[in-house]
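Okay, here's what each chain looks like letter by letter:
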Amino acid sequence: MVEEERPSPDALLAETRREGRGRLKIFLGAAPGVGKTYEMLSVARRRRAEGIDVVVGIVETHGRTETMALLEGLPLLPRLRVHYRGRDFEELDLDALLARKPKLALVDELAHTNVPGSRHEKRYQDVDELLNAGIDVFTTLNVQHIESLNDLVERITGVKVRERLPDRVLETAEEIELIDLPPEELTKRLREGKVYVPEEAQRAVENFFSRGNLLVLRELAMRMAVERVDADLQSYMRARAIEGPWPARGRILVCIGADQQAEQLVRLGKRIADRRQLPWTTLHVQTSRAEELRESQREYLQAAFTLAEQLGARAESINGSGIASEVLAYAATQNVTEIVVGRSRRRLAQLRLRPALAWALLERGNDFEITVASQADDARAKDTSSTERSVIRPLHIRPYAESAIAVALATGVAWILDQYLGIGDVSLVYLFAVLIAAIRHGLLPGLFASVLASLAFNFFFTDPRFTLQVTSPDNLLSILFFLLVSVIGGNLAARLRAQIRITRESAEQSGLLFDFSRRIAGAVSAEDLLRATCQYLTETLDFESIALRAYRDAGLGDPIGVTEPPALIDIDRGAAEWAAAHGEPAGSGTGTLPASWWLFAPLGTAQRPIAVIGLNLGAKRASLTPEQRRLFFSMRDQAATALERILLTEDVKRAQLISESDRLRSALLSSVSHDLRTPLASIIGSASGLKELGDNASPAARRELTTTILEEAQRLNRFVQNLLDMTRLGHGALTPRSDWCDLRELIGRARARLDQPLHEHRLEVTIATDAEIVYADPALLEQVIVNVLDNAAKFSPPGSRVDIAASVLADDIVIAVTDEGPGIPPAERERVFDMFYRVRHRDQRRPGTGLGLAICKGFVEAMGGHIAVRAGREGHGTRIEISLPRREPPRSRLTEAA
Amino acid sequence: MGASRILIVDDEPQIRRFLRVSLTAHGFEISEAANAKEALQSVSSDPPALIVLDLGLPDRDGQALLPDLRAICPAPVIVLSVRADEREKVRALDAGAADYIVKPFGMPEFLARVRAALRVRSPPEAAPIYTVGDLHIDIARHRVTLDGRSIRLSRREFDLLAVLAAHAGRVVTHTQLLREIWGPVHEQDTQYLRVYVRQLRDKLGDDPLRPRFIENEPGVGYRLLEPEAYPQAPTE
């Protein structure tokens, strides 16, 4: 199971809820007269001495002098007089206390019932209000007033307690201090008249304060306090995510075998666990005999495990050679305090040499409390199991035949030894055969061989020969040895085989797990991983498997399966949701929604479910064997770890993506603000100037201003064109409409569009005849040429030369634009095609959006070509090469006709 | 008859304003419509000599309005739009638009297109003679002269030039050209055109890098360029 390592939200919530609220301290006693009020006042005095504002709300001294002495010097709140049915009662003046608002208030007798007509019926409600007002409260309580112990107290003491305190009030207490007084002392004080006896107990006073009662009450009070300590410790540890085991509490371990008693033991374990209020585990140890597990035994085991999980136990199955040692080793690591075990039946047929488990545990498990359960219906169990055995287990002939052959061979060898070598005692030969049979085939064939061997030995080699009479005690001894050897050998061999099988099985399992971990290591997305997990589970367990992603707020995602995920009906989905919400398995074979065909197990913790994986058990009406179960949960745990890793990586990636898009956004913003505003500034400036000058403008000034407006507007237009192109690229919706086009026409149009930016440069166009016709999207290619030429014009000095040349190079038509500008350093040549990238030359900032070349790259690649930056002529300047795949132009028959 | 009246259909008052100012300065009369409804009313009550139509109208798409306008009024229509996609252009031109101008545009270009669209062609005589700059095309005699020199053209080349000349200054879509020269079967065979345009250019000594006569409108069609702007609006 996954241990919670995150701070549990509930625990943290409980902690924070206490903040701002007053703290409640309860002085708990077993009976009146143990000195609760005395202790409370002593502590309060110390607090006051520390400078804390303490007020006594109400304290009953019952006229005891010691107590009254302690009240001396503490500020007392006047009591409220309440008139009820002709009598005056004194009660706590809640409003006055709230108004006074001390740091700490003393309110005696928490279980007290207020006089009718008071604000609250019970005093603990007054206390609750004080706590809510942020006032700390000290109070006293006798254990018999606690609601949950009420019945018990009544049964023990015969006194019916009217004033009861709900247990939840105790739970809100920050601290509970147990005031303990040995019963002898209390009785003494009682005799001395130092104890005030409550009204209800007046008549039963003798009875109530009997030594036996006091002992029981004292134990109750102590247990109450101890449980509080445990709960505090746990909530403290949970709140701070300290890993268990928490030594203050223990665990009940119920050891079950594959027999009918298993379920009974589970029920007993549940009762014990409830009584002790401890968590519990059901454990089965698979040993040599597990090999022999029959169908019925498997069923017992599964039924017991299912029941255990339904009853809230952890169910575990481990492999090992010796049950007792495995149980003890497990118990030692799992913080177990008490072991429950059944009394083993000794079956004559099995002739086991090991001691009964219960005895072994009692002998060796000194650190544990061990409960040995008796068997309820032993006889019936024996009956059914023996009949089942004869029905279910077929007798294998082969081992017996081989054993017989071994004995026959031994007879042959012995005969030779006897006849030709004259060796008299040939029993050792038979012994050897018996040993072989026992080791090879196990106990029963071994016994069979020993019987055969005895007979053969007796018949052939003992006097009188060729009879079965036994005369010599030697021979009797031989026969006895045969039997003994076969039993020992058979047992040894069986154990060895089982050991091998277990080793092989766990090797297989770790192999599977290793294989699984390798398989899921390659997964890059959560869906990938879950699909791989499902596939693996389906392969290894032979049950259909699916997974559902769990989202914190949005419930479960759609099923992910190996193939087409199956349709889940409501109950299945319900089980999956329950598993995700509670962090525990649900569905088939569990205590929750067992009618579902699916078994769902959560990945992650109850606080943060990541996914749920499900196995379709229903279709086969099957349940998992302990090994399958273990494998399933191991894989689940492994997948959960891997999933956590993937999700973390995804988180990191997402964060990176966000920062990347943030970078782009700010780059776009700066580009837009610069490249939109600069031309706009010129336009607005020139236009307003023109308007302001009116008729006063000289023709020259007018011409200059209008030219500026026009040129800047055209520049703006080009920029907007870039932005539009960029969005076309960004949407991925760019599908070139390629056709045959005349490159000269496109260059001509580009040149016409760039008339203004290029007018200070010399544009040289050289186009090879075979490169004139290209297959491209004319609009896109024209824009590419415009952008590249524009770039060349921008980055090279006025009066310099810009070359545009097209030629055929291998399978490409290469259009190269070369300028005489500063060039681009080799390291940056790839990056100039990035969006918003601009080559910086010292502090020079060139106009341009950083979009032009990125658009070129997008367009050229959309047309199946590529674009690259190289050094210009003789290493100076920049050369941008656009390569487009060359295609043979269709030869038109019309050409000839012309 | 007075000056030609032009109807400007555009929902942007700024566009209408600068068009009005410029066109009035060049001697045209102007009427305006801000939407399709007004446009149809204006056209049916007082047919203009030319319609300038924006495609992005608030009440109806200009592409849909265009055939309706053509149906009730014989005046040529120049489409003005921010839509630069060739398919939009082809669609409008094939639907009967005389020309298609992408916003933003320069005024000289616009005026040239307006004049080209307005040019009143001589009634379809048997053999008109087109003069485009130094180029003379005599349809009846099947003769083309450039700067007084005679140029020998094949029949298809001549047909091509003749169709372009009949629409001088206006773009003729590939489809239109193919249909008129090779017939409706060859409407999709744009490579024919490319080949013939190339041959025609060679014979006319036209440099595609700096075209003097034939301009390509990629993905749309070809245009026979008019070399000079008229000093003022043609009047009857």
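Calculation notes
- Residues numbered from 1 in each chain as written.
- Chains lettered and ligands numbered in written order.
- Predicted model: local features only at pLDDT ≥ 70, side-chain atom pairs only at ≥ 80, totals over all residues.
- Pairing = 2+ DSSP bridges.
- Helix = DSSP H or I, 4+ residues; strand = E, 2+ residues; numbered from the N terminus.
- Axes fitted to C-alpha atoms, helices over the stretch in contact; angles between N-to-C directions.
- Expected span 1.5 Å × (residues − 1).
- Buried ≥ 20, exposed ≤ 12 C-beta atoms within 10 Å, placed from the backbone.
- Contact = placed C-beta atoms within 7 Å.
- Nonpolar A, V, L, I, M, F, W, Y, C, P; charged D, E, K, R; others polar.
- pLDDT = per-residue confidence, 0-100.
- Parallel < 35°, antiparallel > 145°, perpendicular 65-115°, else oblique.
- Core = buried A, V, L, I, M, F, W, Y, C linked by C-beta atoms within 7 Å.
- Left-handed = near helix turned anticlockwise from the far one by under 90°.
- Right-handed = clockwise from strand over helix to strand, strands pointing away.

## Observations concerning the sheet that holds strand β23 (residues 866–871) of chain A
Residue and element names in this part refer to chain A.
Then step 1. Spatially, five strands are ordered β19-β21-β22-β24-β23 in an open sheet, and the strand pairing comes out mixed. Among the strands making up the open sheet, the edge pair consists of β19 (762–767) and β23. Shown here is a sheet whose adjacent strand axes are inclined to one another by a mean of 15 degrees, direction ignored.
Then step 2. As defined by bridge partners, β23 adjoins strand β24 (residues 878–885) across six bridges and the pair is classed as antiparallel. Counterpart to I867 in the pairing with β24 is I882.

## Topic: helix α20 (residues 526–541) of chain A
All names here are of chain A.
Then step 1. For α20, spanning 16 residues, the distance from its first C-alpha to its last is 22 Å, which sits close to the expected 22 Å at 1.5 Å a residue.
Then step 2. Looking at α20, one finds that the buried residues are A526, L529, L530, A532, T533, C534, Y536, L537 and L541.
Then step 3. Among the residues trailing α20, D542 stands out with phi positive, at a value near 65 degrees.

## Comments concerning helix α21 (residues 570–582) of chain A
Residue and element names in this part refer to chain A.
Then step 1. With 13 residues, α21 should cover 18 Å at 1.5 Å per step; its first-to-last C-alpha distance of 18 Å lies within 8% of that length.
Then step 2. Looking only at α21, the buried set comprises D572, A575, A576, W578, A579 and A580.
Then step 3. For α21, the secondary structure elements touched by its buried residues are β13 (544–551), β14 (555–561), β15 (586–587), β16 (598–604) and β17 (609–616).
Then step 4. Positive backbone phi, approximately 70 degrees, marks G583, located one or two places after α21.

## Let's talk about the sheet that holds strand β1 (residues 5–9) of chain B
All names here are of chain B.
Then step 1. In spatial order, the strands read β2-β1-β3-β4-β5; together these five strands make up an open sheet with parallel pairing. Each edge of the open sheet is held by one strand with a lone partner, namely β2 (29–33) and β5 (99–102). Neighbouring strand axes in the sheet, compared pairwise and without regard to direction, differ in orientation by 20 degrees on average.
Then step 2. Judged from the four bridges that link them, β1 and strand β3 (residues 50–54) form a sheet pairing that is parallel. In the sheet register, L7 faces β3, and the bridge partner there is I51.
Then step 3. Relative to β5, helix α5 (residues 107–118) is tilted by about 170 degrees, and along the sheet it contacts β3, β4 (77–81) and β5.

## Let's talk about the interface of chain B and chain A
Then step 1. Taken together, the contact between chain B and chain A spans 18 residues of the former and 21 residues of the latter.
Then step 2. With seven residues, the top contributor of residues to the side of chain B that touches chain A is helix α8 (residues 190–204) of chain B.
Then step 3. Among the residues making up the side of chain B that touches chain A, the classes are represented as seven nonpolar, six polar and five charged.

## Things to note about the confidence of the model for chain A
All names here are of chain A.
Then step 1. Confidence in the prediction for chain A averages 77 pLDDT; 83% of positions are at 70 or higher.
Then step 2. Per-element mean pLDDT across chain A ranges from 36 in helix α15 (residues 378–392) up to 93 in strand β22 (residues 812–818).
Then step 3. Across residues 346–354, where pLDDT falls below 50, the model places four contacts with residues more than four positions away in sequence or in other chains.
Then step 4. Predicted confidence for residues 841–845 stays below pLDDT 50, and this span has one contact to residues more than four positions away or in other chains.

## With respect to the environment of W598(A)
All names here are of chain A.
Then step 1. Counting through the fold element by element, W598 comes out in strand β16.
Then step 2. Judged by the 30 C-beta atoms lying within 10 Å of it, W598 falls in the buried class.
Then step 3. Here the alpha-carbon distance between W598 and I546, two residues 52 residues apart in the chain, equals 9.5 Å.
Then step 4. Beyond its immediate sequence surroundings of up to four residues, W598 is in contact with D572, A575, G587, S588, G614, L615, N616, L617 and G618.

## Side note on the packing of helix α7 (residues 174–182) of chain B against α8(B)
Residues and elements named next belong to chain B.
Then step 1. Put simply, α7 and α8 touch, their axes get as near as 10 Å, and they point 80 degrees apart. Judged by the inter-axis angle, α7 sits roughly perpendicular to α8. Along the contact surface, α7 presents H174, L177, L178 and W182, while α8 presents T190, Y192 and L193.
Then step 2. Residue classes in the contact of α7 with α8 are distributed as five nonpolar, two polar and no charged.

## A few points about the environment of A49(B)
All names here are of chain B.
Then step 1. With respect to the helices and strands, the residue A49 is situated in the loop between α2 (36–45) and β3.
Then step 2. Overall, the presence of 19 C-beta atoms within 10 Å leaves A49 in the partly exposed class.
Then step 3. On a C-alpha basis, the gap between A49 and C73 in space is 9.2 Å, while along the polypeptide they are 24 residues apart.
Then step 4. When near neighbours in sequence (up to four residues on either side) are disregarded, A49 contacts S4, R5, I6, A75 and L118.

## Section: the nonpolar core
Then step 1. Among the nonpolar cores identified, the biggest contains 58 residues, and V52(B) and I78(B) are the most heavily contacted of them.
Then step 2. The element contributing the most residues to this core is α8(B), with six residues.

## Notes on the packing of helix α13 (residues 323–333) of chain A against helix α14 (residues 357–364) of chain A
All names here are of chain A.
Then step 1. With their axes 9 Å apart at the nearest point, α13 and α14 run at an angle of 50 degrees to one another. In terms of axis orientation, α13 runs oblique to α14. As α13 runs across α14, the sense of the crossing is right-handed. Contacts from I323, A324, V327 and L328 of α13 reach α14 at L357, A360, L361 and R364.
Then step 2. A class-by-class count of the residues in the contact of α13 with α14 yields seven nonpolar, no polar and one charged.

## Let's talk about the pairing of β3(B)
All names here are of chain B.
Then step 1. When you tally the buried positions in β3, you get five out of five residues, the bulk of the element.
Then step 2. Every second residue of β3 is oriented toward a common face, with L50, V52 and D54 on one face and I51 and L53 on the other, all of them buried.
Then step 3. Summarising the sheet, β3 and β4 pair through four bridges and their orientation is parallel. Considered in β4, the bridge of I51 is made with V77.
Then step 4. Assessed by its sense of winding, the connection that carries the chain from β3 through helix α3 (residues 62–72) to β4 is right-handed.

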